[in-house]
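For reference, the chains in residue letters:
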Amino acid sequence: MAEQLQAIQRRIKSIESTEKIANAMQLVASAKLKQATNRFNYSREHLRPLIETLKKKIDSQGYSTDSSYYTNLKTVIDDRKEIAPTLTIVITGCKGMCGNYNASVLKEVSNIEAMTTFLPLGLKGYDYIKYHDYFLLEDYIVALETSGSDSNLDSGSGSDSEGSIDKGIRSRFRDYYEIPAEEHSYHAVLDLAKKIIVRQHAGEISEVHLVYAAYKNSMAYEVVNRMVLPVYNIDPNDEIIAFIAELLALSIYSAIGEAALNEYGARRLAMKNASDNAEEILGDLEMKYHRARQAQITDELIEIISGTESQEALEKEKRKTRR
């Protein structure tokens, strides 16, 4: 009985520790959710109208999409020489403990059947894509650079060594998935957008898509696969390129803020559920402990009473013997 009580006490302490961690993470998630909500509201009030304005500006110049522009452009991966792959930017979290948030986004990635190369923003996305051996953008660019591509966008220090080029490119991409997406500044996102557009004009990628969790309401989100940059037949020196780069950067930056809002909302809910479950388990354990303690006390009382009765009976026998 004593061992059972000790086992229950140890489990109670363990659950109490888990509950404290869950409560702390819930508080952190709530604080970050408030920041993400402010960013989302700013995006909805200011960035979205700006995005629409840029779209109208580009459309007014008469620029249209035409996927045939990329037909027969040479690529170097798996003999894919008929058309350049689509670039899909996947926005996930860097941490877990947020319910099925990351799993929902990555499920959409697994449903993509078109020839595409992936750029994950978030460690969970990178790990998933790497584990399933999907086509990472950094692998694609390494292959392009080491095969003598004319584009020098992400080349290393100019060294002819393939190992040096590989290391330089991968170190640049590491920041994209190791740093939480919401921590990237707008200037960093704009720099990424400019690099993507250069790659597109070089015929190395075609359309650009975003896979992320889009906000529906405070209790729900929807994972979407949205095209944010079609194929524009534009001279690289045209002034409209600057507007297209801004449009792509704003689209990515806005999606990052929206995804962060949903991630922290999911994490706060998950930690609240974990805290509630821990509290429920503690209640059951405390009841078991009290019952076990009562049973132990009852056993001890029975032993005391039995011992007393035995002692009294023994004394009676002694008195009879003396007589």
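What counts, and at which threshold
Each chain has its residues counted from 1, following the order in which its sequence is written. Given that the model is predicted, a residue must reach a pLDDT of at least 70 before its local features are reported, and side-chain atom pairs must reach 80 or more before they are shown or counted; all residues, however, enter totals for whole chains, interfaces and linings. Each side-chain value is worked out from all heavy atoms of the structure, with water and hydrogens disregarded. Where helices are involved, their axes are fitted lines through C-alpha atoms of the stretch in contact, as for all axes, and angles between N-to-C directions lie from 0 to 180°. For helices the rule is a DSSP run of H or I covering at least 4 residues; for strands it is a run of E covering at least 2, with both sets numbered from the N terminus onward. Oblique is the label for any angle not under 35 degrees, not over 145, and not in the 65 to 115 range, which are roughly parallel, roughly antiparallel and roughly perpendicular in turn. Each crossing gets its hand from how the near helix is turned against the far one by less than a right angle, where anticlockwise is left-handed and clockwise is right-handed. Under the scheme applied here, ten amino acids are nonpolar (Ala, Val, Leu, Ile, Met, Phe, Trp, Tyr, Cys and Pro), four are charged (Asp, Glu, Lys and Arg), and all others, including Gly, are polar. Here, two residues are considered to be in contact whenever any of their heavy atoms come within 4.5 Å of each other. Aromatic rings from Phe, Tyr and Trp, taking only the six-membered ring of Trp, are treated as a pair when their centres fall within 6.5 Å; an angle between ring planes under 30 degrees marks them as stacked, one over 60 as edge-to-face, and anything in between as tilted. Only protein chains enter the area calculation, which uses a 1.4 Å probe; residues under 20% of their type maximum are buried, those over 50% are exposed, and those in between are partly exposed. Two conditions define a charge located above a ring, namely a distance within 6 Å from the ring centre to NZ of Lys or CZ of Arg, and an angle within 35 degrees of the ring normal. At least two DSSP bridges between two strands are required for those strands to pair. Working definition of a nonpolar core: buried Ala, Val, Leu, Ile, Met, Phe, Trp, Tyr and Cys residues. They are joined through side-chain atoms within 4.5 Å. Salt bridges are counted wherever a side-chain nitrogen of Lys or Arg sits within 4 Å of a carboxyl oxygen of Asp or Glu. Throughout, the arc means the angular range of directions from the helix axis out to the C-beta atoms. Patches draw on residues past 30% relative accessible area with no salt bridge. Two like charges within 9 Å are joined, as are two nonpolar side chains (Val, Leu, Ile, Met, Phe, Trp, Tyr) within 5 Å. Only the protein chains shown count as cover for residues, and all accessible areas are computed by the Shrake-Rupley method using a 1.4 Å probe. Scored between 0 and 100, pLDDT is the confidence that the predictor attaches to each residue.

Undergrad: Explain the packing of helix α1 (residues 2–60) against helix α7 (residues 240–322) here, please?
TA: How two helices sit against one another is set out by the angle between their axes and by the gap between those axes. As a packed pair, α1 and α7 sit with axes 5 Å apart at the nearest point and diverge in direction by 160 degrees. As summarised for this structure, α1 and α7 are arranged roughly antiparallel, according to the angle between their axes. Judged by the sense of rotation from one axis to the other, the crossing of α1 with α7 is left-handed. Of the residues assigned to the contact of α1 with α7, the class counts are 34 nonpolar, 13 polar and 17 charged.

Undergrad: Which parts of the structure should I look at to understand the packing of helix α2 (residues 101–110) against helix α3 (residues 123–131)?
TA: Packing of α2 against α3 leaves a shortest axis separation of 10 Å and a crossing angle of 40 degrees. As far as their axial angle goes, α3 and α2 are oblique. By crossing handedness, the relation of α2 to α3 is classed as right-handed. The segment α2 lies against α3, with Asn102, Leu106, Val109 and Ser110 engaging Lys124, Gly125 and Tyr128.

Undergrad: Quick question: what am I supposed to make of the packing of aromatic side chains here?
TA: Tallied over the full model, the rule gives eight aromatic pairs. Aromatic side chains Phe40 and Tyr215 sit 4.8 Å apart centroid to centroid with 50 degrees between the ring planes, which places their arrangement in the tilted category. Separated by 175 residues along the polypeptide, Phe40 in helix α1 and Tyr215 in strand β3 (residues 208–217) bring together distant segments of the chain. On the basis of relative accessible area, Phe40 is assigned to the buried category, the value being 5%. An angle of 70 degrees between the planes, with centres 5.7 Å apart, marks the rings of Phe173 and Tyr176 as edge-to-face. Of this pair, Phe173 and Tyr176 both sit in helix α5 (residues 162–178), three residues apart, roughly one helical turn. With relative accessibility at 5%, the residue Phe173 sits in the buried group. Take Tyr176: its relative accessible area is 13%, and that puts it in the buried class. These aromatic residues form a ring-pair network of at least three members: Phe118, Tyr128 and Tyr134. The ring centre of Tyr253 lies 4.3 Å from the NZ or CZ of Arg39, which sits over that ring.

Undergrad: Explain the sheet that holds strand β2 (residues 116–121) to me, please; I cannot follow it from the model alone.
TA: Sheet architecture is open: four strands sit in the order β2-β1-β3-β4, paired in mixed fashion. Strand pairing shows two members of the sheet lacking a second neighbour, β2 and β4 (220–229), which therefore form its edges. On average, each strand axis in the sheet is tilted by 30 degrees relative to the strand beside it, whichever way the strands run. Two strands pair when backbone bridges link them, and strand β1 (residues 86–91) and β2 are joined in this way by six bridges, in the parallel orientation. Within the sheet, the bridge partner assigned to Thr86 lies in β2 and is Thr116. In the packing of α7 onto the sheet, contacts are made with β1, β2, β3 and β4, and the angle to β3 comes to roughly 40 degrees.

Undergrad: Sorry if this is basic, but what is going on with the nonpolar core here?
TA: The tendency in soluble globular proteins is for nonpolar side chains to be buried side by side. In terms of nonpolar packing, the biggest core is built from 63 residues, with Ile89, Ile91, Leu119, Leu121, Val208 and Leu248 touching the most fellow members. Here this core takes 13 residues from α7, the largest share from any one element. By size, the runner-up hydrophobic cluster in this structure holds eight residues, among which are Leu5, Ile8, Leu282 and Leu285.

Undergrad: Just checking my understanding: could you explain the pattern of salt bridges for this structure?
TA: Opposite charge on two side chains permits pairing when their charged atoms draw close. In this structure the tally under the stated criterion is seven salt bridges. Where Lys272 meets Asp276, a salt bridge forms, and the shortest distance between an N and an O atom there is 3.1 Å. Residue Lys272 and its partner Asp276 are located together in helix α7, separated by four residues, close to a single helical turn. When its relative accessible area of 40% is taken as the criterion, Lys272 is described as partly exposed. Using a relative accessible area of 34% as the deciding quantity, one classes Asp276 as partly exposed. The structure contains a network of salt bridges with shared partners spanning Glu145, Arg199 and Glu204.

Undergrad: Is there a simple way to think about α3 in this case?
TA: All of the buried residues in α3 are Gly125, Tyr126, Tyr128 and Ile129. The arc that holds the buried residues of α3, viewed along the axis, is 165 degrees, so those residues lie on one side. Residue Asp133 follows α3 closely and has a positive phi angle near 60 degrees.

Undergrad: So what exactly am I meant to see when it comes to a nonpolar patch on the surface here?
TA: On the surface, Ile297, Leu301, Ile304 and Ile305 cluster together to form a nonpolar patch covering roughly 370 Å² of accessible area. Mapped onto the elements, Ile304 comes out in helix α7. With a relative accessible area of 53%, Ile304 lands in the exposed category.

Undergrad: Is there a simple way to think about the confidence of the model for the protein chain in this case?
TA: Residues shown with low pLDDT carry predicted positions that ought not to be read at fine detail. With 87% of its residues at a pLDDT of 70 or more, the protein chain shows a mean pLDDT of 83. Note on residues 65–81: pLDDT is under 50 here. Beyond four places in sequence and across chains, it has 36 contacts. Low pLDDT, under 50, characterises residues 149–153; the predicted model gives this stretch eleven contacts beyond four residues in sequence or across chains.

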